[in-house]
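Okay, here's what each chain looks like letter by letter:
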Amino acid sequence: MKGVKRANLFAAGGPFSGDWWIGPLMVILFLAVWEIAPRLGLVNEFFTSRPSLLLQAAIVDYGSRDFWSDALVSLVEFGIGFGLALLFGIPLGLLMGSSRFLREFFTTPLMALYVTPTMVLLPLLIIWVGIGMASRASVALIAAIFPIIINIVAGIDQVEKRLLQMAKVFGASWLNILTQIYIPATLPFLLTGVRLAIGRAVLTVIAAEMFVSQAGMGFKITMYGDSMRIDMLLVYVLTVSMFGYLMTRLVVLLEAKVSTWKQIA
Amino acid sequence: MGIHTKWRSLGFSVISMASILVIWQLIVTAGLVNPFLLSSPVTIVVEMAALFRSGDIVHHFVASGVSLLLAFTLAASVGVLLGILAGWYRPVQKALDPFIWFTYSTPAVSFYPIFVAWFGFGRPTAIAVAFVFAMTPIYANTLTGVKAANADLTRMARSFNAGPKDIFINVVIPASVPLIVSGLQLGAGRALTGVIIAELFGSNAGLGFAIAYNAMNMSTAKMMVYMCLVVVLGLILTQFMAAMARHADRWRS
Amino acid sequence: MSDQPVQIQIENLSIDYGARDASVTFRAVDNVNLDVKRGEFITVVGPSGCGKSTLLLALAGLVDYTGKLVIDGKQVSGPGADRAVVFQEASLLPWRSVTGNVAFGMEMRRFAKNEIPERVAALVELVGLTRFSDYHPHQLSGGMRQRVNIARALAVNPAVLLMDEPFGALDAQTREVMGAELLRIWESDRKTAVFVTHDVDEAIFLADRVVVMGRDPGRIKEVITVDLERPRLSEVTETAQFASYKHRLKEHLAADRAGQIQ
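Computed from a prediction, not measured in an experiment: that's the story for all the values here.

*Asks:* I tried to follow the overall build of chain A on my own but got confused; where do I start?
*Replies:* Looking only at helices and strands, one finds eleven helices and zero strands in chain A. In chain A, the order of α-helices and β-strands from amino to carboxyl end is α-α-α-α-α-α-α-α-α-α-α. Taken against the 2.2 N^0.38 rule, which gives 18 Å for 265 residues, the C-alpha radius of gyration of chain A at 25 Å runs more than 25% over that of a compact globule. C-alpha extents for chain A along the principal axes are approximately 75 × 75 × 30 Å. Here chain A, with 265 residues, has 35% of them falling under the buried criterion. Residue pairs at least 24 apart in sequence account for 69% of intrachain contacts in chain A once pairs closer than 6 positions are excluded.

See the structure below:
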């Protein structure tokens, strides 16, 4: 049934067709309410701050050296923790995946530790290595290594027996099988594990810094929380959030690329 | 899994845990590690018995348990409800999207100072942190489950004059149960993490609080007792959720 | 058969696929004309892409069309209480048992609650699955699932039974058995049935009349009356008459493959 055609922004082909604009609209509404409510006296600005204040604070702070030195501390702790998790996690995962005995033996303790909030180990680690960066990097390492190992093992698990048989028929050595079959087949699972590891590592680094306040983004978050400077607090929270989001995005892109060839196979 | 394999993996679990405990005990007894840094399993058990008799363990265990229960119930109700709405009505999903990926990208702990400023130290903050942390995967999984309604089943129902409401109740919701359940499993683990971390930072009771308190007092053995209890609580939670998942999965082979 | 009234009237029926405001549409079914009498068993055969399933979907009220499509005097404009569909995918609800699934259609069509259990039991018995009443779909074979599918469709007491290659996913032997079973079940009621298939033997064995469709565009090429006695026994497939029908149908299909326009 054809109606009278009118210039309709919401019609098919128009700029507002579809529903892509709903999300951004809600964000704008949210920011507007957040900005206006304190001004109208509906909420206490002391507790909620305002987007305009946040913006001012952010601009000032991003220019200060202070911000970048703390950001660097957090970044280093994250980098070391996450990097070592990859360095140790991948070989450990491959080892456990290919040895049935190792897998059966270590599954229980591994799962027990996986479901435990890693932060619980932090006080112990502090007693061992002190309150410096080492303790925070190591707890991040522990948090990040589990999803990597577990996912690699899961990946190896699902490698089709037939591929292995085929390789053996052609006389492939143990090393060949490892590099030509296991590693490519496990790659998608590894990336999922990496994505989970990033989230856990970021969370743990920040949480650790909040727990033992010395330096880093978490330290700043606690500091501003204690002094009720919600505006600065939120600036740091959002900065961490953006970092986590960017890193996760990167991995998601990698995952997408890898999964295309997986489907063709 | 046949009975044979079940006993076999149970056997392996027991042996591996036992060997780890034995090696652990030997390391400390042999003096390879300063007992101040690491308590032996025996010491931990002794200390645990003492703390249990004094009622401390029960007190803290229950405190964490209650916070966990409240936080999880809240996260589950809100997460599933929003997930269903968002899965069924696309505008709702689009409206919630930016806020959801924000909570996904932000470490839930960073909300802790805000919640402390609003609610003070104690249970409400622990529940708030755990709620934010746990709700996200519950919502995401429910959303995916509802959206993945099987086209064949929907067409079949339509051929029998089923209206949108009929299809929703009879086809979409039952089919999305497995995903909702796995979301709840993830959420439960996260709720536990949220509660413990919040207690770790500053609270007045709970397993996390006990760990932090004993750490400050350098009572390694007591601290490790509570750490083990957190592991135990995590295992109980996982097994419980897995049992629920199996129950919900009854009709699958 | 000739004394029965016409139940389904199809006149100048065409079905087009394509977005409403798109410039290119694809004509799936072109100018079909057919009358179906009450109680007739019609099969529709043709190569893939000839629009036979699409035609069935139009009869079911699940697809838009242009032209005249009237059943029992009413224009088809959506799914109705007078029709039920048996799809190739059994589309059983995995979380319901056999009885639960057979009841589903009646629930959706708002049958009286106290009537349902009796009808369900009767139909489950009719399709021979009483022993498996509490089984779930994953515990049933493909053939058994299709029986549940058929029972569910019959449960809503449709005037017309529409079937879209219901045995297409089954192996050859099961298909033969199911074909005979279907006729046995059908004999008890003799509902008007429209059965789509690509299997030539099946088409002749089941039908009173076979509608042969061709593709590019999808249209009716011929309607062949099958003059074999009912009830049909499996031996009938070896008679010379059966073979001659088969020959005619195969000629049509071969012509389609060769791309000739008949």
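*Asks:* In this structure, what is going on with the interface of chain A and chain B? I would like to understand it.
*Replies:* You'll often see interface size given as the accessible area lost when the parts meet. Counting residues at the interface gives 39 residues for chain A and 43 residues for chain B. Of all the secondary-structure elements, those providing two or more residues to the side of chain A that touches chain B are α1 (22–39), α5 (100–114), α6 (122–129), α9 (174–211), α10 (217–226) and α11 (230–264) of chain A. In terms of residue class, the side of chain A that touches chain B is built from 29 nonpolar, eight polar and two charged.

*Asks:* How should the interface of chain B and chain C be read in this particular structure?
*Replies:* Facing the 15 residues of chain B at the interface are 17 residues of chain C. If you list the elements that add at least two residues to the side of chain B that touches chain C, you get α7 (151–159) and α8 (164–201) of chain B. No other element matches α7(B), which puts seven residues into the side of chain B that touches chain C.

*Asks:* I'm lost on the sheet that holds strand β6 (residues 83–86) of chain C in this one. Help?
*Replies:* Residue and element names in this part refer to chain C. Spatially, the six strands line up as an open sheet ordered β6-β7-β8-β3-β9-β10, and their pairing is mixed. Edge positions in the sheet fall to β6 and β10 (219–225), since each of these pairs with one other strand and no more. For this sheet the average axis-to-axis angle between neighbouring strands, irrespective of direction, equals 20°. In this structure, strand β3 (residues 41–45) lies alongside strand β9 (residues 209–214), joined through four bridges in parallel fashion. When the sheet's bridge partners are listed, isoleucine 42 is paired in β9 with arginine 209.

*Asks:* Would you take a moment to explain the environment of Lys161(A) for this structure?
*Replies:* All names here are of chain A. Looking at the element boundaries, lysine 161 is found in helix α8 (residues 161–169). Look at lysine 161 and you get exposed, because 7 C-beta atoms sit within 10 Å. Sequence separation between lysine 161 and alanine 134 is 27 residues, and the spatial gap between their C-alpha atoms is 43 Å.

*Asks:* Can you walk me through the environment of Gln25(B) in this structure?
*Replies:* All names here are of chain B. Checked against the element boundaries, glutamine 25 lands in helix α1 (residues 3–29). Along the chain, glutamine 25 and alanine 210 lie 185 residues apart, while their C-alpha atoms are 24 Å from each other. Once residues within four sequence positions are removed from consideration, glutamine 25 is found in contact with Ser40, Pro41 and Val42.

*Asks:* Can you help me understand unusual backbone geometry in this one?
*Replies:* Residue Pro217(C) is bonded to the preceding Asp216(C) through a cis peptide linkage, with omega at -5°. Tracing the backbone through its elements, the reader meets Pro217(C) in the loop between β9 and β10. Here the amide bond leading from Arg230(C) into Pro231(C) is cis, since omega sits at 0°, within 30 degrees of zero. With respect to the helices and strands, the residue Pro231(C) is situated in the loop between β10 and α7 (240–258). The backbone of Met228(A) sits at a positive phi, close to 55°, despite the residue not being glycine. Structurally, Met228(A) is set in the loop between α10 and α11. Met228(A) gets classed as partly exposed once you count the C-beta atoms within 10 Å, which come to 13. The phi angle at Asp216(C) is positive, at roughly 55°, despite the residue not being glycine. The residue Asp216(C) is located in the loop between β9 and β10 in this model. Owing to 14 C-beta atoms within 10 Å, Asp216(C) belongs among the partly exposed residues under this scheme.

*Asks:* When you look at the confidence of the model for chain A in this model, what are you seeing that I'm missing?
*Replies:* The predicted coordinates of low-pLDDT regions are not to be read in fine detail. For chain A, the average pLDDT comes to 82, and 91% of its residues sit at 70 or higher. Per-residue pLDDT stays below 50 along residues 1–6 of chain A; that stretch engages in zero contacts with residues further than four places along the chain or on separate chains.

*Asks:* It is not clear to me how the domain arrangement of chain A should be interpreted in this structure. Could you clarify?
*Replies:* Looking at the assigned domains, one finds that chain A contains domain 1 (1–48) and domain 2 (52–264). With centres defined by C-alpha atoms, the gap from domain 1 of chain A to domain 2 of chain A works out at 36 Å.

*Asks:* Please explain the sheet that holds strand β2 (residues 26–37) of chain C as it appears in this structure.
*Replies:* The pairing of strands in a sheet comes from backbone hydrogen bonds and takes either a parallel or an antiparallel form. Residue and element names in this part refer to chain C. Strand order in this open sheet of four strands is β2-β1-β4-β5, and the pairing throughout is antiparallel. Both edges of this open sheet fall to β2 and β5 (74–75), since each of them pairs with a single strand only. Here strand β1 (residues 6–17) runs beside strand β4 (residues 66–71); their pairing, made up of five bridges, is antiparallel. What sits directly across from glutamine 9, in β4, is valine 70.

*Asks:* How do you make sense of the pairing of strand β7 (residues 160–164) of chain C when you look at a structure like this?
*Replies:* In the case of a regular strand, side chains alternate between the two sheet surfaces. Residue and element names in this part refer to chain C. Judged by how many residues are buried, β7 sits mostly within the fold: five of five residues are covered. Burial along β7 is two-sided: the face carrying Val160, Leu162 and Asp164 and the face carrying Leu161 and Met163 are both buried. Of the crossover connections in this fold, the one passing from β7 over helix α5 (residues 172–187) to the parallel strand β8 (residues 192–197) is right-handed.

*Asks:* Is there a simple way to explain the packing of helix α5 (residues 112–119) of chain B against helix α6 (residues 123–147) of chain B in this structure?
*Replies:* In a pair of packed helices, the angle between the axes and the distance between the axes together describe the arrangement. Residue and element names in this part refer to chain B. Where α5 contacts α6, the two axes come as close as 9 Å, and the packing angle between them is 145°. With respect to the hand of their crossing, α5 and α6 are arranged in right-handed fashion. From α5, Tyr112, Phe115, Val116 and Phe119 reach across to α6, where they touch Pro124, Thr125, Ala128 and Val129. Each residue belonging to the contact of α5 with α6 can be placed in one class, and the counts come to seven nonpolar, one polar and no charged.

*Asks:* When you look at the pairing of β4(C) in this model, what are you seeing that I'm missing?
*Replies:* Residues and elements named next belong to chain C. Taken together, the two bridges between β4 and β5 define a ladder with antiparallel strand orientation. Residue pairing in the sheet places isoleucine 71 in a bridge with lysine 74 of β5. In sequence, β4 turns back onto β5 through a hairpin of two residues, with aspartate 72 there showing a positive phi of about 50°.

*Asks:* Got a minute to help me understand the nonpolar core in this structure?
*Replies:* Nonpolar side chains tend toward joint burial in soluble globular proteins. If you look at the biggest cluster of nonpolar residues, it comprises 198 residues, and the most contacted ones within it are Ala201(A), Val129(B), Ala130(B) and Ala191(B). Non-local contacts of Ala191(B), meaning those with residues more than four positions away in its chain, are made with Leu68(B), Ala71(B), Phe72(B), Ala75(B), Ala130(B), Phe133(B) and Ala134(B).

Analysis parameters
All residue numbers refer to positions counted from 1 along the written sequence of the respective chain. Think of it this way: whatever chain is written first is A, whatever ligand is written first is 1, and the rest follow in order. Totals for whole chains, interfaces and linings use every residue, but because this is a predicted model, local features are given only for residues with pLDDT of at least 70 and side-chain atom pairs only at 80 or more, for both listing and counting. Under the DSSP-based scheme used, a helix requires at least four consecutive residues in state H or I and a strand at least two consecutive residues in state E, with every element numbered from the N terminus. For a compact globule the rule gives 2.2 Å times the number of residues to the power 0.38, and the radius of gyration it is set against comes from C-alpha atoms. Exposure classification rests on a simple neighbour count of other C-beta atoms within 10 Å of a residue's own: a residue reaching 20 or more is buried, one at 12 or fewer is exposed, and one in between is partly exposed. C-beta atoms are placed from the backbone. A pair of residues counts as a contact when their C-beta atoms, built from backbone coordinates, are within 7 Å of each other. Each residue receives one of three labels: charged for Asp, Glu, Lys and Arg, nonpolar for Ala, Val, Leu, Ile, Met, Phe, Trp, Tyr, Cys and Pro, and polar for the others, Gly being one of them. Two strands make a pair as long as DSSP finds a minimum of two bridges between them. Structural elements are reduced to axes, namely lines fitted to C-alpha atoms, with helices fitted over the stretch in contact, and the angle between N-to-C directions of any two is expressed from 0 to 180 degrees. Each residue carries a pLDDT value, the predictor's own confidence for that position, ranging from 0 to 100. Domain delimitation follows an automatic or database domain assignment. Viewed with both strands pointing away, a crossover whose connecting path from the first strand over the helix to the second turns clockwise is right-handed. Here a crossing is called left-handed whenever its near helix is offset anticlockwise from the far helix by less than a right angle, and right-handed whenever the offset is clockwise. Core membership is restricted to buried Ala, Val, Leu, Ile, Met, Phe, Trp, Tyr and Cys residues, and these are joined into a nonpolar core through C-beta atoms within 7 Å.

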